[in-house]
Amino acid sequence: MNYTIGKVVLNYKASHDELTGAYNRTGYDLLLSSMDLKTTFMLLIDVDNFKGINDTYGHETGDRVLKKIVAVLNKNFRSDDYVCRLGGDEFAVFMVHAEEHLRDLVASKVGQINRQLADTSDSLPGTSISVGIIHGTQVNNREDLYKCADESLYAIKRDGKNGYAFYKAEA
């Protein structure tokens, strides 16, 4: 019995980020390996100007901002969606059981998240996120999911940040 409890704790620690409680890179890889791409949106998220927050306010405040981001993501997505911290200020969300026609809903979630992150009533500096979005039906394999979401993320970052871009396949 104790072995099972210990194993559960170890599995949680191995798959979750210690600071934020979100899934970590290992958890992300495990989730992705069993994901039904046909019914999943992937949102690849980068925190805008996060280095400036760390440089201006210090790493302790930066850590509190990262925790706030995960809390806001969890609040805005369903309990069966998955929030992952891939490292530093990069996150991913798997929005599961979501058909491609729900693009407007996904876009409205990003807008709501950015409004909540801009709120400084908690004494944390306001921030925003840039998001690259892809639906699993747009790729042939799991490896391309990240790559294509990353392309979309960098498109929005080039266009001024604080928003989202859906993946568009090259013609």
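Before going into details, it helps to say that this report is about the structure given with it. Along each chain, numbering runs from 1 in the same order as the chain's sequence is written. The predicted origin of the model limits local features to residues at a pLDDT of at least 70 and limits the giving and counting of side-chain atom pairs to 80 or more, whereas totals for whole chains, interfaces and linings rest on all residues. With hydrogens and water set aside, each side-chain value is computed from the structure's full complement of heavy atoms.

Remark: exposure states derive from per-residue accessible area (1.4 Å probe, protein chains only) relative to the maximum for the residue type, with buried under 20%, exposed over 50%, and partly exposed in between. Per the convention used, a helix needs a DSSP run of H or I reaching at least four residues, while a strand needs a run of E reaching at least two, with both numbered from the N terminus. Of all the residues in helix H3 (residues 50–57), the buried ones are Phe50, Ile53 and Asn54. The arc that holds every buried residue of H3, seen down its axis, measures 95 degrees, which confines them to one face. For H3, the exposed residues lying more than 90 degrees away from the buried face are Lys51, Asp55 and Thr56. On its buried face, H3 is in contact with strand S1 (40–47) and helix H4 (59–76). Just beyond H3, the residue with positive phi is Gly58, at close to 100 degrees. Think of the arc as the fan of directions from the helix axis to the C-beta atoms. Here, two residues are considered to be in contact whenever any of their heavy atoms come within 4.5 Å of each other.

Another point: the packing of H4 against helix H5 (residues 103–118). To obtain an axis, a line is fitted to C-alpha atoms, over the contacting stretch when the element is a helix, and the angle between two such axes runs from 0 to 180 degrees between their N-to-C directions. The geometry of H4 relative to H5 is characterised by a closest axis approach of 10 Å and an angle of 140 degrees between their N-to-C directions. As H4 packs across H5, the resulting crossing turns out to be right-handed. Here H4 contributes Lys68, Ile69, Val72, Leu73, Lys75 and Asn76 to the contact with H5, which in turn contributes Lys109, Gln112, Ile113, Gln116 and Leu117. Classes in brief: Ala, Val, Leu, Ile, Met, Phe, Trp, Tyr, Cys and Pro nonpolar; Asp, Glu, Lys and Arg charged; the others, Gly included, polar. Taken together, the residues of the contact of H4 with H5 break down into five nonpolar, three polar and three charged. Each crossing gets its hand from how the near helix is turned against the far one by less than a right angle, where anticlockwise is left-handed and clockwise is right-handed.

With that out of the way, let us pick up unusual backbone geometry. For Ser123, which is not glycine, the phi torsion reads 70 degrees and is therefore positive. With respect to the helices, strands and loops of the structure, Ser123 is situated in the loop between H5 and strand S4 (129–135). On the basis of relative accessibility, which here comes to 59%, the residue Ser123 falls in the exposed class. Of note, the phi angle at Asn162 is positive, near 50 degrees, even though the residue is not glycine. For Asn162, the position within the fold is in the loop between helix H6 (142–158) and strand S5 (163–166). Its relative accessible area of 47% is what places Asn162 among the partly exposed residues.

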